[in-house]
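Now for the letters of each chain:
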Amino acid sequence: MTLRLPCQPGTGYTWTLLTRDEKLVELVGEPKFEAGDSKLLGGVEQQVFQLRALAVGTTALELGLVRKWEKGQKPKRTFRVTLEIR
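In this text the structure is predicted, and so the values were computed from the model without any measurement.

Here we take up the overall build of the protein chain. Broken down by element type, the protein chain carries zero helices and seven strands. Taken from the N to the C terminus, the helices and strands of the protein chain come in the order β-β-β-β-β-β-β. Considered along the principal axes of its C-alpha atoms, the protein chain spans approximately 40 × 30 × 20 Å. Residues classed as buried in the protein chain amount to 29% of the 86 residues present. Roughly 6,000 Å² of accessible area belongs to the protein chain as shown, and the carbon and sulfur atoms make up 51% of that amount. The centroid of the 14 positive side-chain charges in the protein chain is displaced by 3 Å from the centroid of its 10 negative side-chain charges.

Another point: the environment of K68. Along the chain, the position of K68 falls in the loop between β6 (57-66) and β7 (77-85). Along the backbone, K68 and Q8 are 60 residues apart, and their C-alpha atoms lie at a distance of 14 Å.

The next thing to look at is the packing of aromatic side chains. One pass over the full model with this rule turns up zero aromatic pairs. A cation over an aromatic ring shows up here: K76 above the ring of Y13, its NZ or CZ 4.8 Å from the ring centre.

Here we take up the pairing of strand β5 (residues 45-53). Pairing between strand β1 (residues 2-7) and β5: six bridges, direction antiparallel. For R4, the partnering residue across the bridge sits in β5 and is V48.

Quick look at the sheet that holds β6 now. Strands belonging to one sheet form pairs held by backbone hydrogen bonds; the direction of such a pair is parallel or antiparallel. Reading across from one edge, β2-β6-β7 is the order of the three strands in this open sheet, with antiparallel pairing throughout. Whereas interior strands pair on both sides, the edge strands pair on one side only; in this sheet they are β2 (14-19) and β7. Averaged over all pairs of adjacent strands, the angle between strand axes in this sheet comes to 25 degrees, irrespective of strand direction. Sheet analysis places β2 next to β6, joined by five bridges and oriented antiparallel. Residue pairing across strands places T14 opposite V66, the latter belonging to β6.

You can see T59 is positioned in strand β6. Given the relative accessible area of 7%, T59 is considered buried. Engagement of the side chain of T59 in a polar contact is seen with the backbone nitrogen of D21, the distance being 3.2 Å. Each residue touching T59, except ones within four places of it in the same chain, is listed here: R20, D21, L24, V25, V81, T82 and L83.

Confidence in the prediction of the protein chain, expressed as mean pLDDT, is 91, and 93% of residues score 70 or more. Model confidence for the protein chain, summarised as mean pLDDT per element, is weakest for strand β4 (residues 32-35) at 89 and strongest for β6 at 96.

Here is what the cut-offs are and how they apply
Throughout this document, residue positions are counted from 1 along each chain, in the order its sequence is written. Local features in this predicted model are restricted to residues of pLDDT 70 or higher, and side-chain atom pairs are both shown and tallied only at a pLDDT of 80 or more, whereas totals for entire chains, interfaces and linings draw on every residue. Calculated side-chain values reflect all of the structure's heavy atoms, with hydrogen atoms and water omitted. Secondary structure elements follow DSSP: runs of H or I no shorter than four residues count as helices, runs of E no shorter than two count as strands, and numbering proceeds from the N terminus. A simple rule labels every residue: compare its accessible area, found with a 1.4 Å probe on the protein chains alone, to the largest value its type can have, and call it buried under 20%, exposed over 50%, or partly exposed in between. Throughout, the Shrake-Rupley method with a 1.4 Å probe supplies accessible areas, and for residues the shown protein chains are the sole cover considered. By the counting scheme adopted, Arg and Lys are positive, Glu and Asp are negative, and His together with the chain ends is not counted. By convention, the point assigned to a charge is CZ for Arg, NZ for Lys, CD for Glu and CG for Asp. A pair of aromatic rings is counted whenever rings of Phe, Tyr or Trp (Trp by its six-membered ring) have centres within 6.5 Å, and the orientation is called stacked for planes under 30 degrees apart, edge-to-face for over 60 and tilted otherwise. Geometrically, a charge over a ring is one whose NZ (Lys) or CZ (Arg) sits within 6 Å of the ring centre while staying within 35 degrees of the ring normal. By the convention used here, strands pair only if DSSP detects at least 2 bridges between them. Lines are fitted to the C-alpha atoms to define the axes, a helix being fitted only along its stretch in contact, and any angle between axes, read from their N-to-C directions, falls within 0 to 180 degrees. Within 3.5 Å is the distance limit for a polar contact, defined as a pair of N or O atoms, with the added protein rule that one can donate a hydrogen and the other accept it, and that residues adjacent in sequence qualify only through two side-chain atoms. When checking whether two residues touch, look at their non-hydrogen atoms; a contact exists if any pair is within 4.5 Å. The predictor's confidence in any single residue is recorded as pLDDT, a number from 0 to 100.

Here's what the structure looks like:
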């Protein structure tokens, strides 16, 4: 599965995987960034996650938009989805 979420890495905010069932879903490699429509420095980009199903089941997947150096802070935004793997 490919998951693309908008972000502005120039501001320090990137998406990080917060919740998943590691027995059902694995992250394949490191997330990548794709340039957005705007060519402006600091513009919106797409952060791309590649995920692989490992087994049949249902799991919640949650990502948070965070600055990695701001420890203990709540994510600026969250993205949640329930995956049904068959």
